[in-house]
Amino acid sequence: MVNSNSTIGVTLGDATGIGPELIAKAFQEKKVRQQAAWVLVGDKRVLLQGQAIAGLELEVTEITDASQINNTAGTINFIDLENISPDDYHLGELSELSGKVTGETLKYVLELSKDGVIDGVVYAPLNKEALHRGGHHFQDELHFFADQLDCKEGFSEINVMDDLWVSRVTSHIPLRNVSENISQEKVEERIQFADKTLKAAGVENPRIVVSALNPHAGDGGMLGDEEIRFITPAIESSSKKGINVAGPYPADTLFLRLNKEPFDCLLAMYHDQAQTGMKLLGFNRGVTMSGGLPITLTTPAHGTAFDIAGEGDANPGATIAAINMVVKMASAHTYQKSK
């Protein structure tokens, strides 16, 4: 267990999904709570609903603003925004209002981070469509965060499952647009991002493997030439700069390589190329991290699970992993600043 003496912000995620239930379950564990002080932000009525679904009670200290935060490890401070009632939505159904409130709550927490009040953020699952319908018109939450934090470049989403990290050159875009969004410069940028992020997490010499885009890595150009024109030159250039990187390897055998030549990070070309394999390896252990921003934000790698919302069956494993990850990153950041 890491004890970073950090203060971490927490949100309940989309109220219509499993987020409030997951938060109630995750913070029941003493070893989770004791890692940091926590500032949980949301609507108390939604929190109580999540507790009722989980069949658990979460001990919180209610405060009205940041000046009252108790920074003692294990304390869960709670700020009630009183911004949505369970009477205003139905569990398991997409809600424009819940999407609006989800974004507003995240904005509040990000303001706490800009004020230096918190050292990281863990947010329960949100729904991108609800967020968009609620008036937050961004490609995804990563770009929403970047906008709020006035970050123009150098940020990317990265997934973590146990000791395996996964990043992508392209993310939440249509598959038909992937090829036109791949360039040598962008692949190099993502290799460097992965190297920097893993080193910040304490991996001394991260081994990064890069996926090909095309079947059979293009078969020498017969099945596509992105490997020849962009991906291989980016790998070679990055290697010359001292980064431990290899590839490009065909995507259909990448995860089999873990058995014979383990690596620390996989850089994929598009979303499902890596996510499918990672989720098969451990759906309830995966974490999504928004990296390259002034503050680390983590969330479970799964979604709002509308199909089981309200049933009490949600597994908090990935939420606990997201909590552990944000504390680890906040601790590493504090250590680096003190050196």
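- The protein chain has the name 4-hydroxythreonine-4-phosphate dehydrogenase in an unreviewed UniProt entry, where Lentibacillus persicus is given as its organism.

1. Points about the pairing of strand β8 (residues 208-211)
- Of the two faces of β8, the one carrying Ile208 and Val210 and the one carrying Val209 and Ser211 are both buried.
- Across three bridges, β8 lies against strand β9 (residues 245-249) in parallel orientation. When the sheet's bridge partners are listed, Ile208 is paired in β9 with Val245.
- For the segment spanning β8, helix α8 (residues 226-240) and β9, crossover handedness is right-handed.
- One ladder, built from three bridges, connects β8 with strand β10 (residues 265-268); its direction is parallel. If you follow Val210 over to β10, its bridge partner there is Leu267.

2. Comments concerning empty space enclosed by the protein
- What the rule picks out here adds up to two cavities of 30 Å³ or more.
- The computed volume of the largest cavity comes to approximately 150 Å³.
- For the largest cavity, the lining is made up of 18 residues, of which Leu12, Gly13, Val101, Thr102 and Thr105 are closest to its centre.
- Taken together, the elements giving at least two residues each to the lining of the largest cavity come down to β2 (37-42) and α4 (96-114).
- By residue number, the principal contributor to the lining of the largest cavity is α4, which donates five residues.

3. Quick word on the layout of surface pockets
- By volume, the second largest pocket is sized at about 440 Å³.
- Lining the second largest pocket are 21 residues, and of these Asp162, Ala321, Asn324, Met325 and Lys328 lie nearest its centre.
- Breaking the lining of the second largest pocket down by element, the ones donating at least two residues are α2 (30-33), β6 (156-161) and α11 (317-338).
- Here the lining of the second largest pocket gets five residues from one element, more than from any other, and that element is α11.
- Taken together, the residues of the lining of the second largest pocket break down into 12 nonpolar, two polar and seven charged.

About the cut-offs
- Residues numbered from 1 in each chain as written.
- Predicted model: local features only at pLDDT ≥ 70, side-chain atom pairs only at ≥ 80, totals over all residues.
- Heavy atoms only, no water.
- Buried < 20%, exposed > 50% of the residue type's maximum accessible area, 1.4 Å probe, protein only.
- Helix = DSSP H or I, 4+ residues; strand = E, 2+ residues; numbered from the N terminus.
- Pairing = 2+ DSSP bridges.
- Right-handed = clockwise from strand over helix to strand, strands pointing away.
- 1 Å grid on protein atoms, 1.4 Å probe; cavity = no way out; pocket = protein on both sides within 12 Å on 5 of 7 lines; lining within 4 Å.
- Points joined across faces, edges and corners; volume = space filled by probe spheres on them.
- Nonpolar A, V, L, I, M, F, W, Y, C, P; charged D, E, K, R; others polar.

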